[in-house]
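If you want the building blocks of each chain, they are given just below.
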Amino acid sequence: MNAPTDLNALKTRQQSAWASGDYAVIGTTLQIVGEQLAEACDLRTDERVLDVAAGNGNATLAAARRGCSVTSTDYVGSLLDRGAERARAEGLQATFRVADAEALPFDDASFDAVLSTFGVMFSPDQPQAAAELARVCRPGGRIGLANWTPEGFIGQVFKTLGRHLSPPPGVQPPSRWGVEAHLQTLFADTANAITVTPRLFHFRYRSAAHFIEVFRNWYGPIHKAFAALPADGALALESDLTELLTRMNRAGSDSLVVPSEYIEVIVHRR
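Within every chain, residues take consecutive numbers counted from 1 along the sequence as written. Where totals are concerned, whole chains, interfaces and linings use all residues; where local detail is concerned, this predicted model gives features only for residues with pLDDT of at least 70, and gives and counts side-chain atom pairs only at 80 or more. Hydrogens and water are ignored here; the side-chain numbers use all heavy atoms of the structure.

Enquirer: Honestly, the sheet that holds strand 1 (residues 48-51) in this entry has me stumped. Any pointers?
Expert: In a beta sheet, neighbouring strands pair by backbone hydrogen bonds and run either parallel or antiparallel. Strand pairing is assigned whenever DSSP detects at least two bridges linking the two strands. Only runs of H or I of at least four residues qualify as helices and only runs of E of at least two qualify as strands under DSSP, and these elements are numbered from the N terminus. Here we have 7 strands laid out as an open sheet, ordered 3-2-1-4-5-7-6, and mixed in their pairing. Taken across any chain shown, the strands that pair with only one partner, and hence form the sheet edges, are strand 3 (95-98) and strand 6 (191-205). Going from strand to strand, the sheet's axes swing by 20° on average, the running direction of each strand aside. As paired elements, strand 4 (residues 111-117) and strand 5 (residues 137-148) share 6 bridges and run parallel to each other. Among the inter-strand pairings, valine 114 is bridged to a residue of strand 5, identified as isoleucine 143. Here helix 6 (residues 126-136) sits on the sheet and contacts strand 1, strand 4, strand 5 and strand 7 (256-269); the angle it forms with strand 5, its principal contact strand, is near 140°. Fitted lines through C-alpha atoms give the axes, limited to the stretch in contact for helices. The angle between two N-to-C directions lies from 0 to 180 degrees. Throughout, a contact is declared for two residues whenever any of their heavy atoms are within 4.5 Å.

So, in structure tokens, the structure goes:
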């Protein structure tokens with residue numbers, strides 16, 4: 001039997017992966033997701049909002065645009081620096097603080113709304129991360145999440161990576177956060193209700209080769225996967241990703257437009 005995975009060691013490796021490349025190159029293309037999530041949470045001026053695993057700050061900026069008092073957190077400081085640059089460029093106010101989603105350095109019930117777009121779902125200890133989101137959200141507040149689904153394009157990308165590099169034993173895949181039944185379990189003790197809305201984000205690139213080039217250079221998990229594989233393994237991974245992209249492309253041979261399913265989740269805090 002495989003030994004249980006050391007979650008702290010895994011988190012350290014994940015932190016290194018997300019710090020490699022430059023996620024902001026991809027992250028900025030996802031801004032619309034943060035805007036839609038802010039609307040779904042019905043954010044109000046002066047509300048206290050926490051963005052967890054914020055990356056380069058899509059939900060942070062969306063909340064700041066709506067007049068909220070925003071704290072943006074991530075365990076990769078360089079990504080927070082990119083978010084701060086964006087906020088300054090737009091004249092928006094936000095506080096940026098390095099923090100681990102599984103051990104948030106805030107008092108209980110500190111925030112009216114807690115957000116995460118494609119961020120907290122990558123925490124190794126999923127029950128602990130969910131408990132922290134609920135702990136810092138006030139009773140009657142909202143936890144707003146955007147999570148990739150297992151069946152959607154990004155879920156399939158991670159399954160493809162898993163065929164070439166075995167995932168850590170005993171660790172649930174991040175895409176479990178894209179399954180409503182799993183969310184009901186994670187928030188069973190802290191939610192009055194959970195609202196789930198299926199949505200699509202469209203990745204738009206010149207071609208499959210262009211997508212792979214960008215993600216291989218800048219998207220930490222794919223960057224690290226290619227670096228870890230021998231030359232023939234890297235070619236096999238590139239071939240499998242090309243097949244997936246080609247199969248899901250709805251733009252024909254002249255461009256690449258790939259719809260990727262995610263769920264927009266509002267957890268109404270008990």
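Enquirer: Where do I start with the packing of helix 9 (residues 208-218) against helix 11 (residues 231-248) in this structure?
Expert: Helix-helix packing: each pair is described by the crossing angle between the helix axes and the interaxial distance. Remark: helix 9 packs on helix 11, axes separated minimally by 9 Å, with the N-to-C direction vectors making an angle of 125°. The orientation of helix 9 relative to helix 11 falls into the category oblique. Helix-helix and strand crossings are classified by hand; for helix 9 and helix 11 the assignment is right-handed. From helix 9, Ala208, Phe211, Ile212 and Arg216 reach across to helix 11, where they touch Ala234, Glu238, Leu241, Thr242, Leu245 and Thr246. Any angle from 65 to 115 degrees is called roughly perpendicular, while one under 35 is roughly parallel, one over 145 is roughly antiparallel, and all others are oblique. It is the rotation of the near helix from the far one that decides the hand of a crossing: anticlockwise by less than a right angle makes it left-handed, clockwise makes it right-handed.

Everything listed is a geometric property; what it means functionally is a separate question.
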